[in-house]
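Coordinate analysis (summary)
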Amino acid sequence: MNPTILTIIMSSLATGTIITMTSHHWLMAWIGLEINSLAIIPIISSTHNPRSTEAATKYFLTQAAASATILFSSMINAWQTGTWDITNLSFVPSNILLTLALAMKLGLAPAHFWLPEVLQGSTLMTAMIVTTWQKLAPMTLIFLTINNLSTTILILMGLLSSIIGGWGGLNQTQTRKIMAYSSIAHLGWMMAISSIMTNIMIINLLVYLMMTTAVFLTLISSKSKTIQDTTTTWTLSPALTIMTSLLLLSLGGLPPLTGFLPKWLILEELMTQNLAPAAIVLALSSLLNLFFYLRLTYTTTLTLAPNTSQTKFKWRFKSNLSTPLMMVTTTTSIFLLPMTPLLML
């Protein structure tokens, strides 16, 4: 893509999200979402093959439908209450419509079907943008309207997303689809806690963004599009192999790693609120996620003997990827657990 055009598209993508995050008026929030959606579509379809065109079309249709529903929900709320203020969404049908629209925007179950398909049709870099940056604007709207949204619907959606995110990923061989189901499961955890304690939801979102960015950057640097591709990561860089395995275990939420932090806080808070059944379902669904992360860890680290046969080495082209971001996100995604007390202050 032409650098000038790419700069314009990327700045529009950032501007759309920032407009939504800083707005108080529903129309401004909707305009921000529309700018954001229109900017990502050329990025998804930039590889010019039928699969990327299909992915862009699916993304456009779901996001346009969700944006229209958000506009409709805010209009009927304004009709009933006489205000367009985002925090003053007091009309019940508006709340339910908004919850469903934001679920569609984020890719929460039961409106999750578009996410694996869109990621599979786009490049790894585009998939990273869709699973990280594109979650910020809808999560901001949830944060702003959380006092008026239905707790029951949010918790049920969270539980369903975490189950589907675990179950759907079990049978996948493509790393992008595995990351899509991982994203659905993580968003499920966020929704389950959102109406109870928003601070934990934000911590979970930040940790999720860090871990997902780090995993995608390692996949991009090793050019791993399928599970089979990950078996040759060692030949590219032994250090990267070790970091990737720790990253995947962190994403699964194993204790000494950063990924355990949000799961621990969420389960503790749910038990405090006497929501033991929800906590049990979330904990059991995370085992499903852990299974496919462990499978990826196994193929990455344990399926190639550490010998120095020259035929096993990938051609060492100069990497086009800037590694400082990967270094920072990987380190924080693995070693941040001791900072938990500081984050909770």
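Residues numbered from 1 in each chain as written. Predicted model: local features only at pLDDT ≥ 70, side-chain atom pairs only at ≥ 80, totals over all residues. Heavy atoms only, no water.

The name given to the protein chain in an unreviewed UniProt entry is NADH-ubiquinone oxidoreductase chain 2, with Anolis auratus as the source organism. Taken from UniProt, the Catalytic activity (unreviewed entry) comment for the protein chain reads in full: "a ubiquinone + NADH + 5 H(+)(in) = a ubiquinol + NAD(+) + 4 H(+)(out)". In its Sequence similarities (unreviewed entry) section, the UniProt record describing the protein chain reads: "Belongs to the complex I subunit 2 family." (UniProt positions renumbered as here; feature names shortened; annotations may be inferred.)

1. Some points on the packing of aromatic side chains
By the definition in use, this model includes 3 aromatic pairs. Measuring from centroid to centroid gives 5.5 Å for Tyr59 and Trp114, while their planes differ by 75°, and the two rings are edge-to-face. Residue Tyr59 is found in helix α3 (residues 50-81), and its partner Trp114 is found in helix α5 (residues 114-121); the two are separated by 55 residues along the sequence. An identical accessibility class is assigned to Tyr59 and Trp114; each is buried. Residues Phe260 and Trp264 carry aromatic rings whose centres are separated by 5.8 Å and whose planes lie at 10° to one another, so their mutual orientation is stacked. Of this pair, Phe260 and Trp264 both sit in helix α14 (residues 260-272), separated by 4 residues, roughly a single helical turn. Overall, the relative accessible area of 25% leaves Phe260 in the partly exposed class. Note on Trp264: relative accessible area 39%, which makes it partly exposed. (Phe/Tyr/Trp six-rings, centres within 6.5 Å; stacked < 30°, edge-to-face > 60°. Helix = DSSP H or I, 4+ residues; strand = E, 2+ residues; numbered from the N terminus. Buried < 20%, exposed > 50% of the residue type's maximum accessible area, 1.4 Å probe, protein only.)

2. Considering empty space enclosed by the protein
Summed over all chains, the structure comprises 6 cavities of 30 Å³ or more. Considered as a void within the structure, the largest cavity measures approximately 70 Å³ in volume. Every residue lining the largest cavity is listed: Thr175, Met179, Val215, Leu219, Ser222, Ser224, Thr230, Thr233, Thr244, Leu248, Leu296 and Thr300. Counting residues per element, the ones that place at least two in the lining of the largest cavity are α9 (175-194), α10 (198-222), α13 (238-252) and α15 (276-301). Element by element, the count of residues in the lining of the largest cavity is highest for α10, at 3 residues. Its residues assigned to classes, the lining of the largest cavity shows 5 nonpolar, 7 polar and no charged. (1 Å grid on protein atoms, 1.4 Å probe; cavity = no way out; pocket = protein on both sides within 12 Å on 5 of 7 lines; lining within 4 Å. Points joined across faces, edges and corners; volume = space filled by probe spheres on them. Nonpolar A, V, L, I, M, F, W, Y, C, P; charged D, E, K, R; others polar.)

3. Topic: the pattern of salt bridges
In a structure, side chains of opposite charge can pair up when their charged atoms sit close to one another. Here the structure, examined in full by the defined rule, presents 3 salt bridges. The residue Lys58 makes a salt bridge to Glu54 at a minimum N-O spacing of 2.7 Å. A residue pair is termed a helical-turn pair when its members lie 3 or 4 positions apart in one helix, as Lys58 and Glu54 do in helix α3 at 4 residues. With relative accessibility at 43%, the residue Glu54 sits in the partly exposed group. Close ionic contact of Glu117 with Lys177 constitutes a salt bridge, the shortest N to O distance being 3.7 Å. Taken together, the residues Glu117 in helix α5 and Lys177 in helix α9 connect sequence positions 60 residues apart. Connected through shared salt-bridge partners, Glu54, Lys58, Glu117 and Lys177 make up one network. (Salt bridge = Lys/Arg side-chain N within 4 Å of Asp/Glu carboxyl O.)

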